[in-house]
Amino acid sequence: MTAALPPHPPSDLRPYQRAAIDAVLAARRAGRRRLLVHLPTGAGKTVIFSHLARLARRQVLVLAHREELLTQAREKLVRALEGDAVVEIERGALRASVEAKVLVCSIRSLHEDRLARVLRDRDVGLIVYDECHHAAAEDNLRVLRQLGVFEPAFDGTLLGFTATTARGDGQGLDEVFEEVVYTRALPELIDDGYLAPLRGFRISTTADLRKLSPAGLDYDEEELAEAIDIEERNALVARSIQELARDRRTIAFCVTVNHARHLAHALNALGVPTGIVHGAMPGPARAQTLRDFRERRTHVLTNVGVLTEGFDDPGVSCVAMARPTRSEGLYAQCVGRGTRLFPGKTDCLILDFVDLTTLSLCTLPSLFGTPRDLDLRGGDANEARRVWQRIEFDRPGFELEAGAVTLAEIQDRAASFDPLTLRPDEDVRAISINAWFSLGRHGLGLHFQRGADRVNEVLVLRRPGRGKVWEVVMDDRPMTRFGRIEEAVDAVDFEIERMGRATALSAKHHASWRRAAERGDALRLAVWHRFHPRRGPA
């Protein structure tokens, strides 16, 4: 790509797609070389980079990980380029000709010698990396280094596209890409009518994940499979799909091949025609299974990882998360399989199967920024987001205790919520007669007077880490830490008693200084706003 590009993208694109192209061109003209576009699944990332490939004056290299992505990218590139250029695939035994303007490559097949041959006698100016959240993996970095994208003399453009910037191993993309030049969120595109609305059900199971050890940012897959691939849970998942999804074409995400097989068996036993796909299947068998699903000979597909990326079937209208995950990136990829629009499709149903755990599992509500324990009961996730945002704006500091809760229950609790009357928990009230007030998850506060003209403030605040996480802060000065909040409260109460009878009385609920011009309420509210600043509606 050079500075002599046409100033405006084609008019047949959606407005946000045109905006993404404009953002890429502006960043490139400003001298930046490694750019990232972040859009949810179904937003048309391939359409965008196909049009950018049409604008490119030099040759284009498209990097992808899965066979389905390679084929889809080539088809859309051919349509976008309207026969004006040759689009070829470089993978396995396939060798692209030197004359091809666009090479669609399997990044896994680009070993050092092969990549050197691909680059020989070619002038590559645009490198498109599809599903680029994989870029930080070492072998993928090796390919990028060999392409020279990190060299000061690099005069081309590396352009990454992804639906999620989060990786399961916690590695970031900021060392690969200089800037996220364009992003649109899933709720925005649903509101604008470009993606299907999402509705959700929360189905609780008795599978116990509490003893599982997290592997990085998610569970260890072998341990997870042992905990959830059990007959009772598979039967519950199958019955839920049968009853809630009915005639919807459904994808069920599983944790292992055996899990996928067992769930498919449970579904078929209920009379729900079900197929299975996984990475070890031969190509022709997998293609036939996907064809059976598209042509409705099967209603459900159980799969392991294969359909997480690169699977483009807009007729899917239900996603069953039979595998719990703590990874927001993985969860967003899975749910994205059902967000595309399709004739006759009014929405997509998401079934979250929630197991017993002390860790936070990703659910449809958490994807929309609402409490992850929210039970939508088939309700619209975007509508729940709007209700929750209004509650956060109207009642700063309102928090929910852990546990499944409906949107109606949240609204009822919020209606009666008043931060000035929020009391500390029972354990604290049992050991202290002083006027402690709650700061929600942050801790506790207390005001008292050591003199007639000054109000003192003591806070017990939760700090990151383990062990002694409760820190006592007296008039903005850190004092000491305790392992339990009750210990901190007891220590503060003891010190206030030592300061004399007048000081001790000033810390009580009935102290006269609190009632004067509602001074105590005003001070408590000021502390609340420090920890829970008011936010405007999104």
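Residues numbered from 1 in each chain as written. Predicted model: local features only at pLDDT ≥ 70, side-chain atom pairs only at ≥ 80, totals over all residues. Heavy atoms only, no water.

Caption draft 1: Fine view of the packing of helix H1 (residues 15–29) against helix H2 (residues 45–55). Taken N-terminus to C-terminus, the directions of H1 and H2 make an angle of 50 degrees; their axes are 10 Å apart at the nearest point. Relative to H2, the element H1 lies oblique. The two elements H1 and H2 meet at a crossing, and its hand is right-handed. Between H1 and H2, the contacting residues are Gln17, Ala20, Ile21, Val24 and Leu25 on the first element and Val47, Ile48, His51, Leu52 and Leu55 on the second. Of the residues assigned to the contact of H1 with H2, the class counts are 8 nonpolar, 2 polar and no charged. (Axes fitted to C-alpha atoms, helices over the stretch in contact; angles between N-to-C directions. Helix = DSSP H or I, 4+ residues; strand = E, 2+ residues; numbered from the N terminus. Parallel < 35°, antiparallel > 145°, perpendicular 65-115°, else oblique. Left-handed = near helix turned anticlockwise from the far one by under 90°. Contact = heavy atoms within 4.5 Å. Nonpolar A, V, L, I, M, F, W, Y, C, P; charged D, E, K, R; others polar.)

Caption draft 2: Representation of the nonpolar core in the model. Formed by 73 residues in total, the largest nonpolar core has its most connected members in Leu52, Val104, Leu198 and Leu307. Grouped together as the second largest cluster of nonpolar side chains are 27 residues, Leu61, Val118, Tyr129 and Val143 included. (Core = buried A, V, L, I, M, F, W, Y, C linked by side-chain atoms within 4.5 Å. Buried < 20%, exposed > 50% of the residue type's maximum accessible area, 1.4 Å probe, protein only.)

Caption draft 3: Spatial organisation of the environment of aspartate 380. Here aspartate 380 shows up in the loop between strand S16 (374–375) and helix H13 (381–394). Between the alpha carbons of aspartate 380 and valine 104 there is a distance of 38 Å; along the sequence they are 276 residues apart.

Caption draft 4: Structural detail: the pattern of salt bridges. This structure, assessed with the given rule, holds 31 salt bridges. A salt bridge links arginine 142 to aspartate 139; the shortest N-O distance between them is 3.2 Å. Within this pair, arginine 142 and its partner aspartate 139 are both found in helix H5 (residues 138–147), separated by 3 residues, close to a single helical turn. Assessed through its relative accessible area of 44%, aspartate 139 is described here as partly exposed. Residue arginine 386 pairs with aspartate 191 through a salt bridge whose shortest N-O separation is 2.8 Å. Linking arginine 386 in helix H13 with aspartate 191 in helix H6 (residues 186–191), this pair joins segments that are 195 residues apart in sequence. Arginine 386 gets classed as partly exposed once you look at its relative accessible area, which sits at 34%. Aspartate 191 sits in the partly exposed class, given a relative accessible area of 41%. Taken together, the shared-partner salt bridges in this structure form one network comprising Asp191, Glu383, Arg385 and Arg386. (Salt bridge = Lys/Arg side-chain N within 4 Å of Asp/Glu carboxyl O.)

Caption draft 5: View of the sheet that holds strand S22 (residues 477–482). The antiparallel open sheet is built from 5 strands, whose spatial order is S18-S19-S20-S21-S22. Strand pairing shows two members of the sheet lacking a second neighbour, strand S18 (437–438) and S22, which therefore form its edges. Sheet analysis places strand S20 (residues 454–462) next to strand S21 (residues 470–474), joined by 5 bridges and oriented antiparallel. Bridge pairing links arginine 462 to tryptophan 470 in S21. Sheet contacts for helix H16 (residues 485–498): strand S19 (443–451), S20, S21 and S22; angle to S19, the most-contacted strand, approximately 5 degrees. Packing of helix H19 (residues 519–531) onto the sheet brings it into contact with S18, S19 and S20, and relative to S20 it is tilted by some 35 degrees. (Pairing = 2+ DSSP bridges.)

Caption draft 6: Focus on the packing of aromatic side chains. Under the criterion given, the structure shown has 2 aromatic pairs. Seen in terms of ring centroids, tyrosine 16 and tyrosine 194 are 5.1 Å apart; in terms of plane orientation they differ by 65 degrees. Their pairing is edge-to-face. Highlighted residues: tyrosine 16 in helix H1 and tyrosine 194 in the loop between H6 and strand S8 (198–208), separated in sequence by 178 residues. What makes tyrosine 16 buried here is its relative accessible area of 2%. The residue whose ring lies beneath arginine 249 is phenylalanine 293, and the NZ or CZ to ring-centre distance is 4.3 Å. (Phe/Tyr/Trp six-rings, centres within 6.5 Å; stacked < 30°, edge-to-face > 60°. Lys NZ or Arg CZ within 6 Å of the ring centre and 35° of its normal.)

Caption draft 7: Seen up close, the sheet that holds strand S1 (residues 34–38). Here we have 7 strands laid out as an open sheet, ordered S3-S4-S2-S5-S6-S1-S7, and parallel in their pairing. Strands with a single pairing partner mark the edges of an open sheet, and in this sheet they are strand S3 (87–90) and strand S7 (179–183). Each neighbouring strand pair of the sheet contributes to a mean axis angle of 20 degrees, computed without reference to strand direction. Sheet topology places S3 next to strand S4 (residues 102–106); 4 bridges connect them, and they run parallel. Residue pairing in the sheet places glutamate 88 in a bridge with leucine 103 of S4. With respect to the sheet, H1 is in contact with S1, strand S6 (157–162) and S7, its orientation differing from that of S7 by roughly 160 degrees.

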